[in-house]
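Okay, here's what each chain looks like letter by letter:
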Amino acid sequence: MTDSKKTKFAELFEVIKDYAGREYDYQDKALQVIAGAYVFMFEPEEMPDARPVVDEILRQYDYVFTTIERGNLDPLSVEAVVRVARYREEYMEWGIETLCKVLTGLFRRSRTDETYTDYVEDTRVVIRGLEDIVAGSVLEEIVENAEGGGKKP
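Quick summary incoming for the structure in this document.

## What about the overall build of the protein chain?
Next, step 1: Each helix and strand counted, the protein chain has 6 helices and 0 strands in total.
Next, step 2: Along the chain direction, N to C, the helices and strands of the protein chain fall in the order α-α-α-α-α-α.

## Topic: the nonpolar core
Next, step 1: In this structure, Ile34, Tyr38, Val54, Leu73, Val84 and Leu99 are the most contacted members of the largest nonpolar core, which totals 38 residues.
Next, step 2: Among the elements that line this core, the one with the most residues is helix 4 (residues 75–87), at 7 residues.
Next, step 3: Those residues in contact with valine 54 that sit more than four places away from it in its chain are Leu31, Ile34, Val81, Val84 and Trp94.

## Quick notes on the packing of helix 4 against helix 5 (residues 92–112)
Next, step 1: The contact between helix 4 and helix 5 brings their axes to 7 Å, and the two run at 160°. Accordingly, the angle class assigned to the pair helix 4 and helix 5 is roughly antiparallel. For the element pair helix 4 and helix 5, the recorded crossing hand is left-handed. Of the residues in helix 5, those touching helix 4 at Val78, Val81, Val82, Val84, Ala85 and Arg86 are Met92, Trp94, Gly95, Thr98 and Leu99.

## A word on the packing of aromatic side chains
Next, step 1: Scanning all chains against the criterion turns up 7 aromatic pairs.
Next, step 2: Arranged with centres 4.8 Å apart and planes meeting at 90°, the rings of tyrosine 19 and tyrosine 26 form a pair that is edge-to-face.
Next, step 3: Their ring planes at 80° and their centres at 6.4 Å tell us that tyrosine 24 and tyrosine 61 sit as a pair that is edge-to-face. Of this pair, tyrosine 24 sits in helix 2 (residues 24–37) while tyrosine 61 sits in the loop between helix 3 (51–60) and helix 4; the two residues are 37 residues apart in sequence, bridging distant segments of the chain.
Next, step 4: The exposure class of tyrosine 24 is buried, given its relative accessible area of 16%.
Next, step 5: Through a chain of ring-to-ring contacts, the aromatic side chains of Phe13, Tyr38 and Tyr87 assemble into a single cluster.
Next, step 6: Above the plane of the ring of tyrosine 26 lies arginine 22, whose end atom (NZ or CZ) is 4.5 Å from the centre.

## Some points on the environment of threonine 67
Next, step 1: On the secondary structure map, threonine 67 appears in the loop between helix 3 and helix 4.
Next, step 2: Considering only alpha carbons, one finds threonine 67 and aspartate 28, 39 residues apart in sequence, at a separation of 9.1 Å.
Next, step 3: Residues contacting threonine 67, with those up to four places away along its chain left out, are Tyr24, Asn72, Leu73 and Asp74.
Next, step 4: Here the side chain of threonine 67 touches arginine 70 through a polar contact of 3.4 Å, landing on its backbone nitrogen.

Parameters and conventions
- Residues numbered from 1 in each chain as written.
- Predicted model: local features only at pLDDT ≥ 70, side-chain atom pairs only at ≥ 80, totals over all residues.
- Heavy atoms only, no water.
- Helix = DSSP H or I, 4+ residues; strand = E, 2+ residues; numbered from the N terminus.
- Core = buried A, V, L, I, M, F, W, Y, C linked by side-chain atoms within 4.5 Å.
- Buried < 20%, exposed > 50% of the residue type's maximum accessible area, 1.4 Å probe, protein only.
- Contact = heavy atoms within 4.5 Å.
- Axes fitted to C-alpha atoms, helices over the stretch in contact; angles between N-to-C directions.
- Parallel < 35°, antiparallel > 145°, perpendicular 65-115°, else oblique.
- Left-handed = near helix turned anticlockwise from the far one by under 90°.
- Phe/Tyr/Trp six-rings, centres within 6.5 Å; stacked < 30°, edge-to-face > 60°.
- Lys NZ or Arg CZ within 6 Å of the ring centre and 35° of its normal.
- Polar contact = N/O pair within 3.5 Å; in protein donor to acceptor, adjacent residues only side chain to side chain.

Encoded structure:
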């Protein structure tokens, strides 16, 4: 995460970076913390850029981070992408591209793994994530227009 030393929660993100480089259970916890920490794009506190950490984790799994129990897509991995993407406008394109990589990974898995039965539901989770990113972009424009329209010349 870039410039994590300049943010209020630098120590937390150092732990997240460390967890991202470990095995699955730690990576799962890192995604949980990221999804919880990036709550809304209008937060007053500046959070570190978690995109490289999320990419590092997802890339190891061909962007399909699955649950241990069922082997289906872990919705938390999608939620982490959505939360980071909606945090800043300039992160939204990254979020859309990342979720497209998740869809591609799901498609490849559906073609090579005969036991993979959750393809349709997993793609729905990703599509809902894409919808959330787009809705966040629209919401941001509405708020900016409302604030800009309310200012006196």
